[in-house]
Amino acid sequence: MSDIERHPKTIELPPTITVRELANSIQSSPIEVIKSLMSNGVMANINQQIDFDTAAIIAAEMGYEATLETLEDEEEERGEIPLWRRMIAGEDQAALTQRPPVVTILGHVDHGKTTLLDAIRHTDVAAGEAGGITQHIGAYQVEFNGRTITFLDTPGHSAFTAMRARGAQGADIVILVVAADDGVMPQTREAIAHAKAARVPIIVALNKTDRPNADQERVKQQLAENGLVPDDWDGDTIVVPISAKKQQGIEDLLEAILLVAENMDIQANPKGKVIGTVIEAELDKSKGVLASLLVQNGTLKVGDEVVAGIAFGRLRAMFDHYGRKISKAGPSTPVSVMGLSEVPPAGELFYVVDSEREARDIVNERHQAMDKASASPKSAVTLEQLFDRFQAGEVRELRMIIKADVQGSLEPIVSSLNDLSSGDININILHAETGNITESDVMLAAASKAVVIGFNVSADAAARRLAEAEGISIRNYEIIYRLTEDVEKALKGMLPPEEKENTLGHAEVRAVFRISKLGNIAGCKVVDGEIRRNARIRVFRQGKVIHEGPISSLKHLQEDVREVRTGFECGIGIKNFDGIEVGDKLECYTIEKAAVEESVF
């Protein structure tokens, strides 16, 4: 009998868990878990949910004794289990020690994020002694009151959420910067939504309080309206007045970070399995691949064999955030390393393996899994599968992102949806805002396994591309009662198959011709994709949709044609629409019934 069989590590698992989450919990590769499942007669992909009994069998084969999570853990699983907690699940509890908190700074543009980062840097005496930051590695550490704090300065909430979408959660605490003279703005609300979806504690840095038009009470009211009730209003959100430009209140902010971190009891095992997150990476012409890594458990050393996604390699050199050569780095330490075979994406998890051969085998398996995944498109998180997922015990709530054209539409939609939330399945509106559907909205949906609902808005091209790549459902409506009716039907398991939109191409209107029998014809040039005669056209003017309808005629050089491709000119007639103008943008698309597939819920 092996030592593993005699002394299995204990691990708590939820009632249902995805293959990817199980692999992370037992510190194994998803490929190994899938192989083990297949040997036990279970066919599952990386995003598929398996029940506790099945997960416990796989865990036992890997040397872990699984127990069912407590109710408190189940509540936490409704959001996100913090990455650091999952990382230490299989570690010897007696070996765990406190580690420095990892903090990221989010907020609206021009509210002072960069100025605050600079002000925090200047509080670190060691940085001054070292002659300042000598190289940018996307993170740095400061010493305050004898404690270390790690700051990630990757830009914006999109980068923060991209890490979550890849399975990582780089930050333990979020600092939300809000200007006292400007208040809560659209990007502020987005940042709040992303931080809340990640279940990360938020500390508000109320910046620019030195300005004559600063109104702290007004901003606190706005924060309270967005679910962040200040602590001096008997809420649980710490609000720290600061002036980053004058370096006022910075020490108060650092004290608040240490206070929150103390309550969180953030731990790691410096002698345990080495695992962490890729902050950023680039290809340097003279040095090769330079990757910035954040160690989150264990101690990373020069000479270690590291795997990060499909990149691997033996670490030839390692530098701290001052650019100084170091030989090892413990938990919560950001480092710049040389030696990886290729550039890993930001947010990818990395870990140390025993040999180059093991690293190659893992990467080859991942390449095979990626080839297989690319051959079959990602299944979407859709309303259609919600009821089945609930009955299978895989869904506790329907997570939604709502975008509407005006505030007057948004408020009744949110109110109506909240009214539907009284049944067995809770509706969790992660983000509700006016404006078109953006890439940031889809990224939040991908990280949170949510659906995106639009009302009288469109999705930009980047958002549609990301939604297709990530398997995110975007549903658009023009009538409120149809929106709420569809959600209600989904909750009751009665929703018919979704109509899926496929974008074919885009064209620009260069001229308008009047033909007596046909009406106005748009003389266009196809800028990408293709225009098809049996498809539909969406007309944009100054970024807004002014008409949607079928194509009535399509001509190229006076001849009727079935399709016209990129770079060619054509004449397009639009059924029941004569208001076409020079400068309008056209989007050609088709609508088809989407087959009900596996959900990633």
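All residue numbers refer to positions counted from 1 along the written sequence of the respective chain. Per-residue local features are limited, in this predicted model, to residues with pLDDT of at least 70; the limit for side-chain atom pairs, both in listing and counting, is 80 or more; totals at the level of whole chains, interfaces and linings are taken over all residues. Excluded from the side-chain calculations are hydrogens and water; all other atoms, namely the structure's heavy atoms, are used.

Overview of the overall build of the protein
This is how the line gets drawn: Put simply, DSSP marks the helices as runs of H or I at least four residues long and the strands as runs of E at least two long, and each gets a number from the N terminus on. The rule is simple: take the accessible area with a 1.4 Å probe, protein chains only, and divide by the maximum for that residue type; under 20% is buried, over 50% is exposed, in between is partly exposed. In what follows, residue pairs with any heavy atoms lying within 4.5 Å of each other are defined as contacts. Methods summary: accessible areas were calculated by the Shrake-Rupley approach with a probe of 1.4 Å, and residue burial reflects only the protein chains presented.
Counting secondary structure elements, the protein contains 18 helices and 33 strands. Looking at the protein as a whole, 52% of its 601 residues are labelled buried. Considering only contacts in the protein between residues 6 or more positions apart, those separated by 24 or more positions represent 72%. Only carbon and sulfur atoms are counted for the fraction: they give 48% of the accessible area of the protein, which is about 27,800 Å².

Focus: the state of the cysteines
Defined as follows: Cysteine sulfur atoms that come within 2.5 Å of each other are treated as a disulfide pair.
Counted by the stated rule, this structure contains zero disulfides. Summary of cysteine pairing: cysteine 524 is not part of a disulfide, and the nearest cysteine sulfur, belonging to cysteine 570, is at 5.2 Å.

As for the pairing of strand β25 (residues 474-477)
So the rule is basically this: In this scheme, strands are said to pair when DSSP sees at least two bridges between them. Assignment of crossover handedness uses the view with strands pointing away from the viewer, where a clockwise path from the first strand over the helix to the second indicates a right-handed crossover.
The pairing of strand β24 (residues 451-455) with β25 spans four bridges and is classified as parallel. Bridge assignment links phenylalanine 455 to a residue of β25, and that residue is tyrosine 477. At this point the chain moves from β24, through helix α17 (residues 461-470), to the parallel β25, and the crossover so formed is right-handed.

Things to note about helix α10 (residues 186-197)
Counted only if it meets this: Each residue after the first adds 1.5 Å to the expected span of a helix.
The end-to-end C-alpha separation of α10 is 17 Å, in line with the 16 Å expected for 12 residues at 1.5 Å each. What α10 keeps buried is the set Thr188, Glu190, Ala191, Ile192, Ala193, His194, Ala195 and Ala197. A positive backbone phi angle near 55° is found at arginine 199, which sits one or two residues after α10.

Considerations on the sheet that holds strand β7 (residues 139-144)
Put simply, the rule reads: Interaxial angle, 0 to 180 degrees, is taken between N-to-C directions of lines fitted to C-alpha atoms, where a helix line uses only the stretch in contact.
Strand order in the open sheet formed by six strands is β7-β8-β6-β9-β10-β11, with mixed pairing between adjacent strands. Both edges of this open sheet fall to β7 and β11 (238-241), since each of them pairs with a single strand only. Taken over all neighbouring pairs, the strand axes of this sheet differ in orientation by 30° on average, direction set aside. Running over the sheet, helix α7 (residues 113-122) touches β6 (102-107), β7, β8 (147-152), β9 (173-179) and β10 (202-207) and is turned about 150° from β6. Contacts from helix α12 (residues 250-264) reach β6, β7, β8, β9, β10 and β11 within the one sheet, and its direction differs from that of β8 by about 100°.

A closer look at a nonpolar patch on the surface
Short version of the rule: Patch membership needs two things, relative accessible area over 30% and no salt bridge, and members are linked within 9 Å if like-charged or within 5 Å if nonpolar (Val, Leu, Ile, Met, Phe, Trp, Tyr). Any Lys or Arg side-chain nitrogen found within 4 Å of a carboxyl oxygen on Asp or Glu counts as a salt bridge.
Taken together, the side chains of Phe513, Ile515 and Leu518 make up a nonpolar region of the molecular surface, amounting to roughly 270 Å² of accessible area. By secondary structure assignment, the location of phenylalanine 513 is in strand β26 (residues 499-515).

Remarks on the nonpolar core
For clarity, the threshold we go by: What makes a nonpolar core is a set of buried Ala, Val, Leu, Ile, Met, Phe, Trp, Tyr and Cys residues whose side-chain atoms join them at distances within 4.5 Å.
Residues Leu116, Ile120, Phe151, Ile175, Ile203 and Ile257 are the most contacted members of the largest nonpolar core, which totals 30 residues. Secondary structure elements with two or more residues in this core: β6, α7, β7, β8, β9, β10, β11 and α12. Here the element with the most residues in this core is α12; it accounts for nine residues. Discounting chain neighbours no more than four positions away, the residues touching isoleucine 257 are Pro101, Val103, Ile149, Phe151, Ile173, Ile175 and Ile203.

Side note on a negative patch on the surface
Condition: The charge count treats Lys and Arg as positive and Asp and Glu as negative. His and the chain ends do not count. Each charge is placed at NZ for Lys, CZ for Arg, CG for Asp and CD for Glu.
Residues Glu32, Asp354, Glu358 and Asp361 make up a contiguous surface patch of negative charge. Mapped onto the secondary structure, glutamate 32 falls in helix α3 (residues 30-39).

What about the packing of helix α16 (residues 439-448) against α17?
Convention followed: Put simply, angles under 35 degrees are roughly parallel, angles over 145 are roughly antiparallel, angles from 65 to 115 are roughly perpendicular, and the rest are oblique. Each crossing gets its hand from how the near helix is turned against the far one by less than a right angle, where anticlockwise is left-handed and clockwise is right-handed. Residues are grouped as follows: Ala, Val, Leu, Ile, Met, Phe, Trp, Tyr, Cys and Pro are nonpolar; Asp, Glu, Lys and Arg are charged; all remaining types, including Gly, are polar.
α17 packs onto α16 with a crossing angle of 20° between their chain directions and a minimal axis gap of 8 Å. In terms of axis orientation, α16 runs roughly parallel to α17. In this structure, α16 meets α17 at a crossing whose hand is right-handed. Facing Glu439, Val442, Met443 and Ala446 of α16, the residues of α17 in contact are Ala462, Ala463, Leu466, Ala467 and Glu470. A breakdown of the residues in the contact of α16 with α17 according to their chemical character gives seven nonpolar, no polar and two charged.

A look at the pattern of salt bridges
Within this structure, the stated rule accounts for 26 salt bridges. A salt bridge links aspartate 320 to arginine 324; the nearest nitrogen and oxygen atoms lie 3.0 Å apart. Among the residues examined, aspartate 320 registers a relative accessible area of 9% and is labelled buried. A residue is classified by how much of its surface remains accessible, and arginine 324, at 45% relative accessible area, is partly exposed. Salt bridges linked by common partners bring Arg464, Glu501, Arg538, Glu548 and Glu587 together as one network.

Describing the environment of alanine 462
Along the chain, alanine 462 falls in helix α17. For the pair alanine 462 and glutamate 439, spaced 23 residues apart in the sequence, the C-alpha separation amounts to 5.8 Å.

Points about the packing of aromatic side chains
Test applied: Classification of ring pairs uses Phe, Tyr and Trp, with its six-membered ring standing for Trp, and accepts pairs whose centres are within 6.5 Å; under 30 degrees between planes counts as stacked, over 60 as edge-to-face, and the remaining range as tilted. The rule for a charge over a ring is simple: NZ of Lys or CZ of Arg within 6 Å of the ring centre, and within 35 degrees of the ring normal.
Summed over the entire model, instances satisfying the criterion amount to one aromatic pair. Its guanidinium or amino end placed over the ring of tyrosine 589, arginine 538 lies 4.2 Å from that ring's centre, counting from NZ or CZ.

Notes on the confidence of the model for the protein
Our working definition: A residue's pLDDT is the confidence the predictor assigns to it, expressed on a 0 to 100 scale.
In the predicted model, the protein carries a mean pLDDT of 80, and the fraction of residues at 70 or more is 81%. The secondary-structure element of the protein with the lowest mean pLDDT is helix α8 (residues 125-129), recorded at 40, while strand β15 (residues 300-301) shows the highest, at 94. Under a pLDDT of 50 for its full length, residues 71-80 has, in the predicted model, 25 contacts with residues more than four places off or in other chains. A low-confidence stretch, residues 124-135 stays under pLDDT 50, and its non-local contacts, those more than four residues away or across chains, total 20 contacts.

Here's the deal with the pairing of β10
Within β10, six of the six residues are buried, which leaves the element mostly enclosed by the surrounding structure. Alternating residues of β10 divide into Ile202, Val204 and Leu206 and Ile203, Ala205 and Asn207, and every residue in both groups is buried. Bridge analysis of β9 against β10 gives six bridges, and the strand direction is parallel. Across the sheet, alanine 179 pairs through a bridge with asparagine 207, a residue of β10. The handedness of the β9 to β10 crossover, carried by α10, is right-handed. As paired elements, β10 and β11 share four bridges and run parallel to each other. Considered in β11, the bridge of valine 204 is made with valine 239.

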